[in-house]
Amino acid sequence: MNSDFLNRLYAGDSVNFLKGYIQDDSIDMVLTSPPYDDLRNYNGYSFEFEKIAHEIFRVLKKGGVAVWVVGDKIRNGNRSLTSFKHALYFQEIGFNVHDVMIYAKKNTPFMRSNAYTNSYEYMFIFSKGKPKTFNPLKEATARHGAEMLVANKKADGKNYKVLRELKKEKTRTNIWFYAVGLGGTTNDKEAFKHPATYPEQLAQDHILSWSNEGDIVLDPMCGSGTTCKMAFLNKRNFIGIDISQEYIDIAQKRLDKYMGIFSEYSK
Ligand SMILES: C[S@@+](CC[C@H](N)C(=O)[O-])C[C@H]1O[C@@H](n2cnc3c(N)ncnc32)[C@H](O)[C@@H]1O
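To keep things clear, this report deals only with the structure shown in the data block. (Residues numbered from 1 in each chain as written. Predicted model: local features only at pLDDT ≥ 70, side-chain atom pairs only at ≥ 80, totals over all residues. Heavy atoms only, no water.)

### Quick look at the packing of aromatic side chains
Reasoning step 1: If you walk through the whole model with that rule in mind, you get 19 aromatic pairs.
Reasoning step 2: Here F134 and W210 contribute two aromatic rings whose centre-to-centre distance is 5.1 Å and whose plane-to-plane angle is 25°, an arrangement assigned as stacked. On the criterion of sequence distance, the pair formed by F134 in the loop between β7 (120-127) and β8 (138-140) and W210 in helix α4 (residues 200-210) is long-range, its members being 76 residues apart.
Reasoning step 3: Given the relative accessible area of 48%, F134 is considered partly exposed.
Reasoning step 4: Site record: aromatic cluster; members linked through ring pairs are F49, F57, W68, F84, Y89, F90, F95, Y120, Y122, F124 and F126.
Reasoning step 5: We note K128 situated over the ring of F57; from NZ or CZ to the ring centre the distance is 4.9 Å.
Reasoning step 6: The ring of W176 carries the charged tip of R172 above its face, separated from the ring centre by 4.9 Å. (Phe/Tyr/Trp six-rings, centres within 6.5 Å; stacked < 30°, edge-to-face > 60°. Helix = DSSP H or I, 4+ residues; strand = E, 2+ residues; numbered from the N terminus. Buried < 20%, exposed > 50% of the residue type's maximum accessible area, 1.4 Å probe, protein only. Lys NZ or Arg CZ within 6 Å of the ring centre and 35° of its normal.)

And the structure:
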């Protein structure tokens, strides 16, 4: 990978950019959220899902992971299931569906009158072969301390209990909860000029889980730059692309607080 491309933001179509500049098998991790359905009109730009999926597969290293954060539109009581269609397509083109995780929102204003309030999106974990990196995040167990626990059966066939220490922490489950909105998603006010930012903590949690320091993290639809900011703050290299110059400007402002690099890619 030519290091000139690293730690920069690019305004342009990601399919063209990746095809033109990014070599096969050169990216450690992709973390992104696509436009889905016509839920939000991202300045009216087009999005060629299949082409982007192929490019992500091509540029990822063997063992690289792509995290795809996506939800469904509900129209006339009917869920689009775009999320599932995307996942099936990724699988068809050669990715393993390593996991289907849930991004649960602690607070959500979107109520439905005849169904339970939808409060989650999917976080699909696609891997190009077996993931080469997994740094499991831990959480505190509900109970700590010593407890009489069942030990292995003895020769007499009985289970004997012994005093053992309960583990203080365990690997998290695959349902992750985040507060959304100012103070939850981020404290950067300018980020909210973008209509669909995901939480910084979500981005950080995935970056820590599926990459290591010095790795290259790509967001081909980076919007307000959440992935890039959190990659940088966690000592990863990043490449951020968005078709909208307006969103790249927002991302640049957020990153400028930490670094001073910006580049424009002409379509
Ligand atoms: C859901 S938003 C991403 C938000 C981002 N995760 C954040 O935290 O701000 C999807 C983004 O995809 C961008 N987009 C749509 N088509 C694109 C394309 N062909 N190439 C690059 N970006 C594109 C849109 O401009 C939009 O900002």
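Read on, since the account is not over.
### Examining the site of the ligand
Reasoning step 1: Of all residues adjacent to the ligand, which total 22 residues, the nearest are D13, H194, S224, T226 and D242.
Reasoning step 2: Between D13 and the ligand, the recorded distance is 2.7 Å, taken from a side-chain N or O atom to a nitrogen atom.
Reasoning step 3: Contact between the ligand and Y198: an oxygen atom at 3.1 Å from a main-chain N or O atom of the residue.
Reasoning step 4: Within the complex, the protein chains bury 99% of what would otherwise be the 600 Å² of accessible surface of the ligand. (Near = heavy atom within 4 Å. Polar contact = N/O pair within 3.5 Å; in protein donor to acceptor, adjacent residues only side chain to side chain. Areas by Shrake-Rupley, 256 points an atom, 1.4 Å probe, with all protein chains shown as cover.)

### Topic: the pairing of strand β9 (residues 145-153)
Reasoning step 1: Direction of pairing for β9 relative to strand β10 (residues 159-166): antiparallel, over a ladder of 7 bridges. Note that in β10 the partner of M148 across the bridge is L163.
Reasoning step 2: The antiparallel pairing of β9 with β10 creates a hairpin that spans 5 residues between the two strands, and G157 there sits at a positive phi of about 85°. (Pairing = 2+ DSSP bridges.)

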